[in-house]
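Structural overview for review
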Amino acid sequence: MHAHAVAAAATAALGATVLLSPGPDGRPVRAAQPTVVAHRGASAYAPENTLSAIDKAARLGFSWVENDVQRTKDGKLVVIHDDSLARTTNVEDVFPGRAPWKVKDFTAAEIARLDAGSWFSPAYAGARVPTLDRYMRRVERNHEKLLLEVKNPELYPGIEAQILKSLSNEGWLDRAHQNRLIVQSFSADSIRTVHRLKPALTTGYLGRPKVADLGGYAGFADLVNPAYADISASYVSAAHALKGPHGKPLRVFTWTVNDAATARKVRGYGVDGIITNKPDVVRTALSAD
Ligand code: G3P
Ligand code: CA
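Notes on the structure follow. Bear in mind that the values here come from a model prediction, so they are computed numbers and not experimental data.

Looking now at the overall build of the protein chain. In terms of helices and strands, the protein chain carries 10 helices and 12 strands. Counting only residues that meet the buried cut, the protein chain has 52% of its 289 residues in that class. Across the protein chain, contacts joining residues at least 24 apart in sequence account for 56% of those joining residues at least 6 apart. Summed over all atoms, the accessible surface of the protein chain reaches about 12,400 Å², with 52% contributed by carbon and sulfur.

Spelled out as structure tokens, the structure:
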């Protein structure tokens, strides 16, 4: 259907581009291009979950970025994917006696000393693990939109309320930001909690519930976000046939798609969003035909 798209017509809610394409009878029909989300920022080109990674996404022309939020020993929210600092910082050099270097065992001041860029490239030496507050200010400054993942919530009791408080303090829970924020997690309990605490917020469940169970998820999640290898056109259609908590079809953002062929395949399935380390590759793939 997208192969013969003739004109970009508008920008729909949450950033999906709407195209006018010839339908079966040749008359134009509306068809949405998937929203492209820069996974952990533009993480193929800059160190994941750093300010550099979301700056890079902005420079490439992408508004949606994804991140991962966890909590330090002294209760500060930070943006990092693994539950350990070892892979993406120089923590083993700075604190050699502190294996296994869990995020939850280090204070925010200790984490602020770490280099979160050199592991990726010397060009990013000195990049830091951002606090969530600092990260949100950069998202705002860049006019970006955020798919925020509550990562490993079982390690951090009460983190959902704490994240909402931080978002509120930074001005991200007002109506003006409603179409610029989605909160997702692999934990259904965590997303249920976010929905209960802030029903207006858009939420996503990370995973692939059975089709028979999708209705239950639609009670508290606006999106289900499965790995691309786990979906099909019929799965996406089954999701779209349901309505989420805000009365709109249950949407599907899939991850992590880093090549053109897969991007085109999942678009053919009808997904609403594609989460990728290489947003430029996905954009080129989707605009090539
Ligand atoms: O947004 C989807 C994706 O981030 C889920 O996997 O491990 O990269 O957080 P992971
Ligand atoms: Ca993530």
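Within this structure, the stated rule accounts for 6 aromatic pairs. Aromatic pair F186 and W255: ring centres 5.7 Å apart, planes at 85 degrees, arrangement edge-to-face. A residue pair is termed long-range when its members are at least 10 positions apart, and F186 in the loop between β8 (181-185) and α6 (188-197) and W255 in the loop between β11 (251-254) and α9 (260-269) qualify at 69 residues. Take F186: its relative accessible area is 42%, and that puts it in the partly exposed class. Plain terms: the ring middles of Y205 and Y217 are 4.6 Å apart, the flat faces sit at 40 degrees to each other, and that makes the pair tilted. A residue pair is termed long-range when its members are at least 10 positions apart, and Y205 in strand β9 (residues 202-206) and Y217 in helix α7 (residues 214-217) qualify at 12 residues. Among the residues examined, Y217 registers a relative accessible area of 18% and is labelled buried. Taken together, the aromatic side chains of W119, F120 and Y124 make up a single cluster linked through ring pairs.

This brings us to helix α10 (residues 279-287). Residues of α10 that are buried include every one of P279, V282, A285 and L286, and no others. With its buried residues spanning 125 degrees around the axis, α10 presents them on a single face. In this structure, α10 carries T284 and S287 as exposed residues pointing more than 90 degrees from its buried face. On its buried face, α10 is in contact with β4 (35-38), α1 (51-60), α9 and β12 (273-276).

Those protein atoms acting as donors to the calcium ion (ligand 2) are E66 (OE), D68 (OD) and E149 (OE), and they sit at 2.1 to 2.3 Å. All donors to the calcium ion (ligand 2) come from one chain, and their sequence spacing reads E-x1-D-x80-E. Pair check on accessibility: E66 and D68 agree, each one buried.

Next up on the list: the site of ligand 1. Inspection of the region around ligand 1 gives H39, R40, E66, D68, H81, E149, K151, Q184, F186, L206, W255 and I275 as its neighbouring residues. In the model, an oxygen atom of ligand 1 is placed 3.4 Å from a nitrogen or oxygen of the D68 side chain. Interatomic distance of 2.7 Å between a side-chain N/O atom of H81 and an oxygen atom of ligand 1. Relative to its unbound accessible area of 290 Å², ligand 1 is 91% covered by the protein chains. The residue inventory of the shell around ligand 1, partitioned by class, reads 4 nonpolar, 3 polar and 5 charged.

This paragraph deals with the nonpolar core. One broad trend across soluble globular proteins is that nonpolar side chains are buried collectively. Membership of the largest hydrophobic core comes to 64 residues, with the highest contact counts inside it found for L85, L132, Y135, L148, I163, L167 and I274. If we skip the residues at most four places from it in the chain, L85 touches I80, V91, W101, K102, V103, F106, I111 and L114. Of all hydrophobic cores here, the second largest spans 7 residues; its members include V37, W64, L223 and I275.

Turning next to the packing of α1 against helix α4 (residues 132-141). Orientation of α1 relative to α4, taken along the N-to-C sense of each, is 15 degrees, at an axis distance of 10 Å. By the angle between their directions, the pair α1 and α4 is classed as roughly parallel. Judged by the sense of rotation from one axis to the other, the crossing of α1 with α4 is right-handed. Residues L51, I54 and D55 of α1 touch α4, and the partners they reach there are R134, Y135, R138 and V139.

Rules behind the numbers
- Residues numbered from 1 in each chain as written.
- Chains lettered and ligands numbered in written order.
- Predicted model: local features only at pLDDT ≥ 70, side-chain atom pairs only at ≥ 80, totals over all residues.
- Heavy atoms only, no water.
- Helix = DSSP H or I, 4+ residues; strand = E, 2+ residues; numbered from the N terminus.
- Buried < 20%, exposed > 50% of the residue type's maximum accessible area, 1.4 Å probe, protein only.
- Contact = heavy atoms within 4.5 Å.
- Areas by Shrake-Rupley, 256 points an atom, 1.4 Å probe, with all protein chains shown as cover.
- Phe/Tyr/Trp six-rings, centres within 6.5 Å; stacked < 30°, edge-to-face > 60°.
- Arc of directions from axis to C-beta.
- Donors = N, O, S within 2.8 Å, 3.2 Å for Na, K, Ca; no water.
- Near = heavy atom within 4 Å.
- Polar contact = N/O pair within 3.5 Å; in protein donor to acceptor, adjacent residues only side chain to side chain.
- Nonpolar A, V, L, I, M, F, W, Y, C, P; charged D, E, K, R; others polar.
- Core = buried A, V, L, I, M, F, W, Y, C linked by side-chain atoms within 4.5 Å.
- Axes fitted to C-alpha atoms, helices over the stretch in contact; angles between N-to-C directions.
- Parallel < 35°, antiparallel > 145°, perpendicular 65-115°, else oblique.
- Left-handed = near helix turned anticlockwise from the far one by under 90°.

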